[in-house]
Structures are given as C-alpha cells and as structure tokens.
Amino acid sequence: MGGNSKLGDGSGKLLEMLNVRVVGAGERVVVLSHGFGTDQSAWNRVLPYLQRDYRVVLYDLVCAGSVNPDHFDFRRYTTLDAYVDDLLAILDALGVESCFFVGHSFSAMVGILAAIRRPELFLRLILIGASPRFLNDDDYHGGFELEDFDKVFAAMEANYEAWVQGFAPLAVGADVPAAVREFSRTLFNMRPDISLFVSRTVFSSDLRGVLGLVRTPCVVVQTAKDVSVPSSVAAYLKAHLGGRTAIEHIPVEGHLPHLSAPAALVQVLRRALASPR
Amino acid sequence: MAADSVAGAHLHDLPEPILTQIFSLVEDVRSRNAMALACRRWRCLERSTRAALALRGHVRSPFLLPTCFAAVEHLDLSLLSPWGHHPFLLHYQQQQQYNYLVDQVALVAARLAQAFPGVSSLAVYARDPSVVAALAPLWPGLRAARLVRWHQRPPNLPLGADLAPLLAACPSLASLDLSQFYCWTEDIPPALQEHPVVAASLARLDLLCPASNEGFRSSELADIAAACPNLTHLLAPCVFNPRCIEFVGDDALVALATSCPRLSLLHLVDPATLSPARGDSDAKEDAAITGLGLEGFFARLPQLEDLALDLCHNVKDSAPALEALSYKCPKIKSLKLGQFQGVCKGTWLHLDGISVCGRLESLCIKNSADLTDSSLATIARGCRRLSRLEIHRCDKVTETGIKKLSSMLRSTLVDVSISGCQLLDATRSLRALEPIRDRIERLHIDCIWASPDLDQLPQTPERTAADDSDADDVYDEIPGESRNKKCKYAESNHDDIESSCFWFRTWARLRSLSLWIPAGEVLTPLGDAGLLSCPQLEDICIKVEGDCRTCPRPRQREFGLSFLALYPRLAKMKLDCGEAVGYALTAPTGHMDLSLWERFYLQGIDGLSLYELDYSPPQDKEVNQRSLSLPATGLIQMCSSLRKLFIHGTTHEHFMRFFLGMPLLRDVQLREDYYPAPENDMSTEMRVDSCSRFEEALNSRRIPD
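Note that the structure is a prediction, hence the values are computed from the model and not measured.

So, on to the overall build of chain B. Tallying secondary structure elements over chain B gives 20 helices and 22 strands in all. Across the 705 residues in chain B, those meeting the buried criterion constitute 55%. The contacts of chain B with a sequence gap of at least 6 include a subset with a gap of at least 24, amounting to 78%. Of the accessible surface of chain B, which amounts to about 29,600 Å², a share of 54% is contributed by carbon and sulfur atoms.

Set out below in structure tokens:
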C-alpha cells in the first residue's frame, strides 16, 4: 500500500533487483519464496516438478546473498511490512491476479501478512517451516528460549563486529547451541550487518494476534523433526488461522525439506496445488 | 676482464635487433613484467616481443583490450571474467536487444583481431558455438585451438555444431585440444568428416575430457582415425567394456593403427579412470584386448613414443606384448598401463615383459595385481633410464621392492608416485625412497598413517636369482625403528651422515609434493612419517577425498596445515577438497556441516607464506553445491601473503569482499571447472554483476609492488 506508489516507475527495477524469474507454463501461478540464508536456488530440486504444469515465479528476498547488498535499505526494512510490499509489488508488476504462495520459514510470515492485506490475490498459502513467533511464551511453545536467542545474537554480533573491521569471523555454527544450530546456519551465510538486522526483526515479531485475520485456505507443512519449529506450532497455526487449514506431514527430519527431501515435498505440493478452488 | 674502456657497457647499449632477440627468449611472465618497468624503451620492446598472453580482464570492458602486444601468438581468452561466461556477454535477458548485441560481438571481434593480428594458438571458453563462430574467422591461419566448457552442452544442438565453425574457418588447424570441453562423443566424428581438409591436417587431437563419462565406440574411433590420417598425438576415452555394443577390442586397435601410422603419442583410456574420485577397482572382467592383438597393434606404430592404455578390465599375460612393444616401437619413452596383468614376472635371470623396454623414461602401472617386488627389481635392471615411476593399487608391492628399485635407479629416478597400495602406507613409502631421498624432485604419497596389520609382514623379500652385481646391499629389516641405518649405494660413496639419525632426513631436492588423504584424517603425522625437512619444496598439492557424513570425527581440531610452515620455500598450494562430500545446509543434529569441515581443513593457513592458492571447497552432492563458507573465507583472508587465489566453486559476494582486505592479492577468480558447472541463471551466489563489482573493487586498490 504505502510502498507500492513509491515503486511505480521502479517496479521494473525491483524485478531486476530481486532477480525475479518466471519459468514454466500453465494457467495457474505458483510463487516460491525462500527463507533465510539461501536464495531462490534453494528451490532448484523442486522446480522441475512444478514448471511443467504451472507458471512459477521465483525471486530473492532483499536480504539474500545474491542481491546487491547496497539495495538493502536499513530504514525501510525494519519490519516485515516492507518485505510484504516487495512481494506485492512484484506480483503487481507481473500482472498476477491470483496465485499459490509457497513460503519457507521467514517467507511464510511474509505470506501470512500479504494474505491479510490482499486476500483476493492468494488462492492458497503453503507454509513450510512456519511459525508465528519463535520465542517461547507463557503457554506458547515457540521453540526458542531467551538464552538461545541471546547466544545466537552474541555470535551474530561478534560476526558483525569482525565484519566491520574487515575480518571474516571464524565463530560459526558449532559455537551456538544445538537447538538453534540448523536455523542459525543459514543466518551466517548472509552479510553480517543485514543478518543481524533481519534477525532482530524476525525474532521480535509476533504474528499470533493477526492469524485470525487470514481468510485464505492454508496448508502447513511439517517435517518429522524440525529443531527450529516444534510440532505444536503446526497445531497452533491450524487452530488459529482464519481460513481452512490443513497440516501435511513429511516423514523426514530437518528445517529445509526442499533441500533435504524434495521428492517428499513435491508430493505434498502437488496435493496442495491441485485441490479445487 | 673488463678493461676500463668497457667499464660503462650496459645491456641497454646493445643494438635494437639483438635486444629484441634477447627479450623474445624470455618466457617467465614476472620477469617480463619487471623488464617492462625498467624504462620506456624496454617496455616497448617487451610488449612487442611477448609471445603468449592470457587475458584476465572483465568481459564488460572490451575497450580495455591492450593493443601493444602485437607479437602475441598464443592467446588465452578462456580466463576472462566472470569465468565461464560468453566472452561477448550475451545476457539472456537482453533478448530484445539482439541487434545491438550482434554489433557488439562484431566490434569486439574486430578489436581482438586488430590487437592480436598474429595469433596462431587460441584458447577460449566456448559456452556455445556462437563464440567460436565469431572468433575463428578472425585468424584463418590458426594452428592450434583449445576450447573450454564445463557447462552443459546447449540443448537441441545438432551433432558436431560446436566444432563446425572452427573447422570451417581454419583450414590449417594442426592441434585441437578438447580436454576441458564437455561435449558428446557423437559430436566429434561428424564434425571431422564434414571438414576433411582440416581433419587431414590435424596432427594433435586431445579428446580426454574428465567431464564426460562416455567413451568412443569402435566405429567412432575408426571414423576419427580415417578422417585424420596424419595424427601424431591422439588422446581419447574409449569403450573398452566388452559388454557394451561396439566395444573397442583388438580389431579396433589394429584399425586405428592402420589408419594413423604416424602416431607418436597415443592415450586410450577407459572413461571411468578420468573421474576425479578414486573408484574401487575390484578385479573385473577381462577386456577384449589380448596380448596377441596388442602385438599386432604395436607392429603398426613404429613411431610410438608415449603410450597409455588405462583400462578398467584385465588384460592378461601382457608380458610378450610388452616385449614386442620394445622391438616394434624402439622409440618408446613413456608408458602407462592400467589393469595389465603379468606385466613383468621377474622370476628368472633374464629381463621379461616391460623390463625389455630399455629406453623407457616414464612408467606408470595401475591396478596390476601381480606386480611383485621382484618384478620391480627386474624393471629396474632393464629400464635404466627411468626417471618417473608411478604405481597405483599394486597390492603386492612392498617397501622392499620400492627400495630396491630406487637404489638401483638412483642416478635417474626423480619423480615417484605411490598411491593406493595396501602394503605401502606413508611411512613405508618414504622409507622405501630412502636411496633417492637427496635426488627426488617430485613425489606423491597417500597419507595413510599406521596400518596395524603391516607389521606382521614376512620380513624376507622374495629373493631374485639375480646376483646383486650392482653392489647394493639387500636391506636387513629390523622390526621397529632402528636408529642406525647404513646403506651402500650403487655408484656414489655417499656418506650419509643424516641417514644415521632417522629424524633429520632431508629431502634436498624435493620441489613438488602431492598428497592424498582420506576425509577426516589429519596431516600432522607427515613429519613423523619422514617428511620433516624439505628445504626446496615450493609446490604442494593436497587432495582430500571421502565422505564427511560417515567418516569418524577428526581426532584433532585442525587438519594441520600449520605443519607445512616447516617448509621454508613453500609458495604454491593446491587444496582440493572437491571430492570430500558432506552436508551444506541440511546436516542432521550431531553432524558437522561443511562450514565446520572447512574450518577444520583451513585452520592454520595463515601461518604459511603462500603466493598462490587453488582451493576447491568440499561439495554437497545432493544439491550440487561447492561453495565457500564463512569460516573458510575468514581463514583464507588471514593468509596475508597471497597474491593469487582461485576458488573452484561458488561463493557469496559479501564473502568475496573479505578478500579485498588482503594487501597483496592481485588475481582472484571463481572457476567452476567441474561438470556440470552451475548455469548462470541458476547459480546461487556469484552472478555477473556481483563479479564485476568485486573486480572493480579489486582493481581499484593500490598495489604495493
């Protein structure tokens, strides 16, 4: 809304900036939106199955490694809304009127907000590794305790300080607690200032309150064991999302099923994309 | 002797033609650059006499093409940045500007022709045929061409279309090198057959590309041979598997030899041997090649000097054929045999098998299960000129055999490679090379530490009936390390003071070392194994291979690169972890992911004063990703003496920017020279724009020297 008018002329530039690609042929449009630390190439293993039957739109989040870091406006991307603006601007620039949205982790949050803002644009939301809030609360189990966050942030701040001085830091991965390891691995692939900034944005956001405003039917994809997203979160989402929600289970471990188990994920996607409406 | 009158004479005072002649003889690039900095006249001279040039600029700045190098004959365009891109920057998204692009291509091509009029040898990255189509006509007198492509072959390309423009435009082409060019085997024969004039003038044809795992069938081989009767050098992968249709057997070999009698270098290998990973070589079936057939084959190739037949199927009883080789091909100097059995029995007094080839200078025997110590001794007796020996997976060879061979060949042997032999771990290999420790210049060993079962080996080697007329002592092995070892060598009265103390063995002339090490192992036992002191070592190549997902966790936190600081002159390192496979992003809990493995491997690299580093990151096979991670970047960045850095993989732009902090860094490139190289539009990290931004930043820094 607010952002769209600013980008009126620049929508072409936005398409180029975020490496927007449209592949495949078909009547219906599927938007694949990646999570942290990767970029659209994370969908490489899933893409061949989809591009035969659908027009697939791929793009990189502005915080992805493959986007020119100079485009990351620290004043603009303070909340998730700016990312939603980007997504909607892309869809408008491409002339998409209705689509299926597949979002992983961070993008799932963006998708939820986008569906609240423009419900007519989304036929269905497919949310992989999604969580409305990562931090544990009184009776809500988000998966992360405050200490875990603090350790991740400490590592990322050390990362950032070293980066500012021109040194690539050596503290990664192994030095954060196991609970957050898989999740944070991708964080360290991003440029340290951007990733620190974005992590603060994400870890402080709480979408629980607005879940009820979603009218779009959703599919929540849950892996057998995701260290970052406990299984209770999927149930929470199903209970609170405003539209019809189904949970799909993938019998594989991990937070990144599109990388570690693409075949299983494709089956889930096919079901989700094929159902009527 | 200089009298006062000539006290002021200077190189600079020589007349121009002589100076030009002198300059044109200098080949080393750094020397030439230094010469060019001396004064303007020298710079002109240097520029006008430089004969070989590799362009490393960015594809976006064709106006920066240097025009002063008018004498260049060997032009290498395959390293233009970003590596692997179309030299004319055909941007797929700019389809609508097609006409403009055609003009730009023509412009750049014309500029190249103008800048380098005398090119006779060209190397270019030919992603699709349009590149060659634009460049080849500029130099119709081209004598040698090398095409490079690690990307996938463009779909829907007619057979032979990659080569057709080149063959059509350059009728006097004599050498075609496709060893880094991925194409199908079916592409080659039609291209050659359609251009018979060029094919007839071809003398060198190199088709050994590790990317393709197919080989030429017998009919294809025959077609190539028939089209190019004047070949003197041919390297090609062939289908030797007798289970395949049209396998290459005795008849095919004879047909080849009949068509190309002038062959002096012939390498026919099974495509499986070209893959970078070490396969397992369980005894397989027999090849369709017999000793008798080989004899007929050799009879038709009297000019043969360098032969390689590297098979994955057994060739039995090859001794008579090898004896025939030495009679029929008297010039034979270099031989490589894979999976040949019965190469040299060495049981009697006389020389048999390979050892009859007295002129051999380079010998490589792979997967020969019956090669024994006495075979080696016989070979040493027969091939007195041997300077290079390579043994791979010959499981019966022991330390004694190698030791005897090296002491007998002490005056000539300078290059030894021992790999994959069960009875020869690192320590034993090094001990076995004791007789040539002060002479050896190039060495490869596998870093296999401590094999417990080797101590039970019978101590007495098979004694040959041959008398030790060369007066070298048979070595008495005392179990356990002995501190006082004395050897008598054949020719010299070399007083080996150092050998009396095991720990200070100096490898006085060793210049180049190559190591193979399984994933998860550490490097530090290398000192204990015996390679503590290598004062001349300049160049090291370390290959790590294995599955990081299943191998046990390393015993130490560091791989041990800091150990290499012991070698004072070490300047160039190649660290190839490309065959170490692991998880990039999807490591299950409890497993190390590749970023941690890279930290393990690269820790300590800052202590080495390296000039050049070639690094291949470990790969995640599931997603075909070979990418530099954050800890790897940080560790490489700390290596402050580095001038040249080549990464054989991809990485993020902001990681690359860390390298800008390295003061001496001049040349950085991401070279994805493995198949399949990531396609541009699917590549994860480095794209054209990122590349250009990085290079601009790199080029704009001040360089101290």
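Before going further, it helps to examine the UniProt feature "domain: F-box" (unreviewed entry) in chain B. Those residues carrying the UniProt feature "domain: F-box" (unreviewed entry) are residues 12-45 of chain B in this numbering. Secondary structure across residues 12-45 of chain B divides into 71% helix and 0% strand, with the first and last C-alpha atoms of the span separated by 11 Å.

Across a regular strand the side chains alternate sides, sitting on one face of the sheet and then on the other. All names here are of chain A. Of all the 6 residues making up strand β4 (residues 99-104), 6 are buried; the element is thus mostly covered by neighbouring parts of the structure. Bridge count between strand β2 (residues 29-33) and β4: 5 bridges; the pairing is parallel. By the bridge assignment, Leu32 is partnered in β4 with Val102. The sheet contact formed by β4 and strand β5 (residues 122-128) spans 6 bridges and is parallel. Paired with Gly103 across the two strands is Leu127, which belongs to β5.

Residue and element names in this part refer to chain A. On the basis of which strands lie adjacent, the open sheet formed by 7 strands has the order β1-β3-β2-β4-β5-β6-β7 and mixed pairing. At either end of the open sheet lies a strand with only one pairing partner, and these are β1 (21-23) and β7 (245-253). If you compare each strand with its neighbour and ignore which way they point, the axes differ by 20° on average.

The next subject is the side chain of Ser368(B). Residues and elements named next belong to chain B. For Ser368, the location among the structural elements is in the loop between β11 (362-366) and α13 (373-382). By relative accessible area, which is 0% here, Ser368 ends up buried. Reaching out from Ser368, the side chain makes a polar contact with the backbone oxygen of Phe340 at a distance of 2.8 Å. Those residues in contact with Ser368 that sit more than four places away from it in its chain are Phe340, Gln341, Val343, Arg393 and Cys394.

Another point: the side chain of Arg149(B). Its location among the elements puts Arg149(B) in strand β4 (residues 144-149). Within the structure, the side chain of Arg149(B) is placed 2.8 Å from the side chain of Asp162(B), a separation counted as a polar contact.

It is worth spelling out the packing of aromatic side chains at this point. Residue and element names in this part refer to chain A. This structure, assessed with the given rule, holds 19 aromatic pairs over all chains. Measuring from centroid to centroid gives 5.8 Å for Phe134 and Phe203, while their planes differ by 85°, and the two rings are edge-to-face. Placement of Phe134 in the loop between β5 and α6 (146-164) and of Phe203 in helix α8 (residues 192-203) is noted, with a sequence separation of 69 residues between them. Look at Phe134 and you get buried, because its relative accessible area is 1%. Residue Phe203 is classed as buried on the basis of its relative accessible area of 8%. On the basis of an interplanar angle of 80° and a centroid distance of 5.7 Å, the ring pair of Phe153 and Phe203 is categorised as edge-to-face. With Phe153 in helix α6 and Phe203 in helix α8, the pair connects residues that are 50 residues apart, well separated along the chain. For the pair Phe153 and Phe203, a shared accessibility class is recorded, and that class is buried. Of the aromatic side chains, those joined through ring pairs into one cluster are Phe72, Phe74, Tyr77, Tyr83, Phe106 and Phe197.

Glancing now at the nonpolar core. Phe116(B), Ile354(B), Ile542(B) and Leu564(B) are the most contacted members of the largest nonpolar core, which totals 172 residues. Looking at this core element by element, the count peaks at 6 residues for helix α17 (residues 594-602) of chain B. Apart from the residues within four sequence positions on either side, Ile542(B) is in contact with Leu515(B), Ile517(B), Leu523(B), Phe559(B), Leu561(B), Leu564(B), Met573(B), Lys574(B), Leu575(B) and Asp576(B). Judged by nonpolar contacts, the second largest core, of 71 residues, contains Phe36(A), Ala64(A), Phe72(A) and Leu87(A).

Residue and element names in this part refer to chain A. With respect to the helices and strands, the residue Ser98 is situated in the loop between α4 (80-94) and β4. Look at Ser98 and you get partly exposed, because its relative accessible area is 31%. The spatial distance from the C-alpha of Ser98 to the C-alpha of Arg117 is 14 Å, given a sequence separation of 19 residues. Once residues within four sequence positions are removed from consideration, Ser98 is found in contact with Val29, Glu120, Leu121 and Leu123.

Turning our eyes to something else, we now look at unusual backbone geometry. If you check the backbone angles, Asn19(A) has positive phi at about 55° while not being a glycine. Within the fold, Asn19(A) resides in the loop between α2 (11-17) and β1. With a phi angle near 60°, Asn156(B) is a residue other than glycine that sits in the positive phi range. Within the secondary structure, Asn156(B) is located in the loop between β4 and α6 (164-169). By relative accessible area, which is 79% here, Asn156(B) ends up exposed.

Below, the discussion takes up the pairing of β4(B). All names here are of chain B. The buried fraction of β4 is high, at 5 of 6 residues. Direction of pairing for strand β3 (residues 121-125) relative to β4: parallel, over a ladder of 5 bridges. Bridging from a neighbouring strand, Tyr125 pairs with Val148 of β4. Viewed along the sheet, the connection from β3 through helix α5 (residues 129-135) into β4 turns out right-handed. Here 5 bridges tie β4 to strand β5 (residues 175-181), and the two strands are oriented parallel to one another. Looking across to β5, one finds that Ala145 is bridged to Leu176.

Residue and element names in this part refer to chain B. For the pair helix α2 (residues 29-36) and helix α3 (residues 40-49), the least separation of the axes is 7 Å and the interaxial angle reads 145°. Facing Arg32, Met35 and Ala36 of α2, the residues of α3 in contact are Trp42, Arg43, Glu46, Arg47 and Thr49. Class assignment of the residues belonging to the contact of α2 with α3 gives a composition of 3 nonpolar, 1 polar and 4 charged.

Across chain A, the average pLDDT comes to 83, with 89% of residues at 70 or higher. Below pLDDT 50 for its whole length, residues 1-8 of chain A participates in 11 contacts with residues either more than four positions away or in separate chains.

Rules of the game
- Residues numbered from 1 in each chain as written.
- Chains lettered and ligands numbered in written order.
- Predicted model: local features only at pLDDT ≥ 70, side-chain atom pairs only at ≥ 80, totals over all residues.
- Heavy atoms only, no water.
- Helix = DSSP H or I, 4+ residues; strand = E, 2+ residues; numbered from the N terminus.
- Buried < 20%, exposed > 50% of the residue type's maximum accessible area, 1.4 Å probe, protein only.
- Contact = heavy atoms within 4.5 Å.
- Areas by Shrake-Rupley, 256 points an atom, 1.4 Å probe, with all protein chains shown as cover.
- UniProt positions renumbered as here; feature names shortened; annotations may be inferred.
- Pairing = 2+ DSSP bridges.
- Axes fitted to C-alpha atoms, helices over the stretch in contact; angles between N-to-C directions.
- Polar contact = N/O pair within 3.5 Å; in protein donor to acceptor, adjacent residues only side chain to side chain.
- Phe/Tyr/Trp six-rings, centres within 6.5 Å; stacked < 30°, edge-to-face > 60°.
- Core = buried A, V, L, I, M, F, W, Y, C linked by side-chain atoms within 4.5 Å.
- Right-handed = clockwise from strand over helix to strand, strands pointing away.
- Nonpolar A, V, L, I, M, F, W, Y, C, P; charged D, E, K, R; others polar.
- pLDDT = per-residue confidence, 0-100.

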